[in-house]
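Structural description and commentary
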Amino acid sequence: MRKAAFLFLFPLLLVAATVQKTLRLPKELKEISGWVFANDSTLIAHNDGGNDPKIYVLNLDGSIRHKVTVTNAENTDWEDITLDQKGNLYIDDFGNNNNTRTNLKILKVNLKKVLNNEDVEAKFIAFSYPEQEDFPPKLPEKYFDCEAMAFYNDSLYLFTKCRSEPFDGKCYVYTLPTKPGTYNAQREYYMVLGKRDWFRDAATSADIRNGKLYLLTYNRIIIHSFDKGRAKYESHQTLLPLTQKEAIAVHPNGKMYIADERQKIVGGGNMYIIKPSEKKK
C-alpha cells in the first residue's frame, strides 16, 4: 500500500454551477449510469445494473442515434464508461453496494463497431481488491464499492464509493491495466471527498481530460489537477437540487455534461450542460 494522500475538500472555493441548458433524456435512459464522449458530437452511454447489456450512441441533445448489444455479457451492475486513445471502450461492471461481489470485471469493446451500429463481443478485465478479505467486510471497512472510472496514461483509474459506517468519506484510487486478464487492483492512495454522507460525499462517476480529474457526486462536481496519476483538489461546483447524478462527461470545449437517473421521489431523468467556472482575477 502506498502512502495515503489526505485531500480535504471543505470549502476552499465554493462556486454554484452555471447550468447552460437542461434537456430531458429519453425514457429508455431513465437509469443512465455512465457516458463518455466518442468525439465532439457523440456521446456513448449505458444504463445501470439490471438493464439489458446495451450501449447507446447519443446526439449532443441526448437523443438516441442507435443502440447496440454486448452479446456475451450481462449488465450485473454497469456504473461508468471510459475511452482510450486506441478506440477501445471500457464499461465497468463493478458496482458493489453491499461489498459482497467476487465477480468484478470491466468490459472492453471496439468503439468503431459501436459507432457503425454493430453488436459487439467484449473482452474482460477481471479483478479483485487485495485488501478485501471478508465479503462483506466489517461496517467501518466497506470501501469496495465503485462507480467511477476513467482512462489515463495507459491505465484504468478507479475511484471508489465510500460505504463505511460511520461514514468517513474516503475515496480510494486504484489502477488496472487495459489488457484483458485477471488482476489484483493496485491501491495508489485515497482522497477524502467530505464527511457528511454518501448522498453528498461519494463519487458516482469520473472523467479525465486535459490534465483535470472531474469527480461527480449527487450534489457537486469536484475538479482536480491530475498529473502522473496524482490528484490535487482545485475547486468544486455545487449542483442543485440533490438528485441521483450518475454520469459525467467533459466535452473537448470544457463544458461538462451531467445526467441523473429518473426517480419518482427526487425527480431526475435530465441532461445538464454545465459551463466551466470562471476564475476570479
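The following paragraphs examine the structure supplied in this document. (Residues numbered from 1 in each chain as written. Predicted model: local features only at pLDDT ≥ 70, side-chain atom pairs only at ≥ 80, totals over all residues. Heavy atoms only, no water.)

1. Things to note about the layout of surface pockets
- A volume near 370 Å³ is recorded for the second largest pocket.
- Taken together, 19 residues make up the lining of the second largest pocket; nearest its centre are Leu83, Gln85, Phe151, Ile208 and Arg209.
- Breaking the lining of the second largest pocket down by element, the ones donating at least two residues are strand E3 (32-39), strand E7 (80-83), strand E11 (145-152) and strand E16 (205-209).
- The greatest single-element share of the lining of the second largest pocket, amounting to 4 residues, is contributed by E3.
- Its residues assigned to classes, the lining of the second largest pocket comprises 10 nonpolar, 4 polar and 5 charged. (1 Å grid on protein atoms, 1.4 Å probe; cavity = no way out; pocket = protein on both sides within 12 Å on 5 of 7 lines; lining within 4 Å. Points joined across faces, edges and corners; volume = space filled by probe spheres on them. Helix = DSSP H or I, 4+ residues; strand = E, 2+ residues; numbered from the N terminus. Nonpolar A, V, L, I, M, F, W, Y, C, P; charged D, E, K, R; others polar.)

2. Regarding the sheet that holds strand E20 (residues 245-250)
- With respect to topology, 4 strands assemble into an open sheet ordered E2-E22-E21-E20, the strand pairing being antiparallel. Since the sheet does not close on itself, it has two edges, and those belong to strand E2 (18-24) and E20, each with one partner. Geometrically, the sheet is characterised by an average inter-axis angle of 20° between neighbouring strands, direction not taken into account.
- With 6 bridges joining them, E2 and strand E22 (residues 270-275) adopt antiparallel strand pairing. (Pairing = 2+ DSSP bridges. Axes fitted to C-alpha atoms, helices over the stretch in contact; angles between N-to-C directions.)

3. Some details on the pattern of salt bridges
- Taken as a whole and judged by the stated rule, the model has 10 salt bridges.
- One salt bridge connects Lys161 with Glu147, and the closest N-O pair in it is separated by 3.1 Å. Of this pair, Lys161 sits in strand E12 (residues 155-161) while Glu147 is found in strand E11, placing the two residues 14 residues apart along the sequence. Each member of the pair, Lys161 as well as Glu147, carries the same accessibility label: buried.
- When the shortest N-O distance is used, the salt bridge between Lys212 and Glu234 registers 2.7 Å. With a gap of 22 residues between them, Lys212 in strand E17 (residues 212-216) and Glu234 in strand E19 (residues 230-238) connect regions that are remote in the sequence.
- A relative accessible area of 22% means that Lys212 is categorised as partly exposed.
- One network of salt bridges, in which partners are shared, links Asp93, Arg101 and Lys105. (Salt bridge = Lys/Arg side-chain N within 4 Å of Asp/Glu carboxyl O. Buried < 20%, exposed > 50% of the residue type's maximum accessible area, 1.4 Å probe, protein only.)

4. What to know about the environment of Leu139
- If you trace the backbone, Leu139 turns up in the loop between strand E10 (123-128) and E11.
- The sequence separation of Leu139 and Tyr129 amounts to 10 residues, and the corresponding C-alpha distance is 17 Å.
- Aside from chain neighbours lying at most four places away, what touches Leu139 is Arg163, Ser164 and Glu165. (Contact = heavy atoms within 4.5 Å.)

5. Topic: the sheet that holds E12
- If you walk across this open sheet you meet the 4 strands as E11-E12-E13-E15, and the pairing is antiparallel. If you trace the sheet from one side to the other, it starts and ends with E11 and strand E15 (186-192), each paired once. Taken over all neighbouring pairs, the strand axes of this sheet differ in orientation by 25° on average, direction set aside.
- Where E12 and strand E13 (residues 170-177) come together, 5 bridges link them in antiparallel fashion. Paired with Tyr157 across the bridge in E13 is Thr175.

6. Quick look at the pairing of strand E6 (residues 64-69)
- Here strand E5 (residues 54-58) runs beside E6; their pairing, made up of 5 bridges, is antiparallel. Residue pairing for E6: Ile55 is matched across the bridge by Val68.
- Hairpin connection of E5 to E6: 5 residues between the antiparallel strands, including Gly62 at a positive phi of 90°.

7. Describing the nonpolar core
- Grouped together as the largest cluster of nonpolar side chains are 22 residues, with contacts concentrated most on Phe94, Ile106, Phe127, Tyr129, Leu156 and Leu158.
- If we skip the residues at most four places from it in the chain, Tyr129 touches Leu104, Phe144, Cys146, Leu158, Tyr174 and Ala185. (Core = buried A, V, L, I, M, F, W, Y, C linked by side-chain atoms within 4.5 Å.)

8. Re unusual backbone geometry
- Residues Phe135 and Pro136 are joined by a peptide bond in cis, for which omega reads 10°.
- Checked against the element boundaries, Pro136 lands in the loop between E10 and E11.
- The phi angle at Asn117 is positive, at roughly 65°, despite the residue not being glycine.
- Relative to the helices and strands, Asn117 is located in the loop between helix H1 (111-115) and E10.
- Assessed through its relative accessible area of 45%, Asn117 is described here as partly exposed.
- We note that Asn153 has phi near 50°; this positive angle belongs to a residue other than glycine.
- If you trace the backbone, Asn153 turns up in the loop between E11 and E12.
- Judged by its relative accessible area of 57%, Asn153 falls in the exposed class.

Everything listed here is a matter of coordinates, which is why it stays silent on function.
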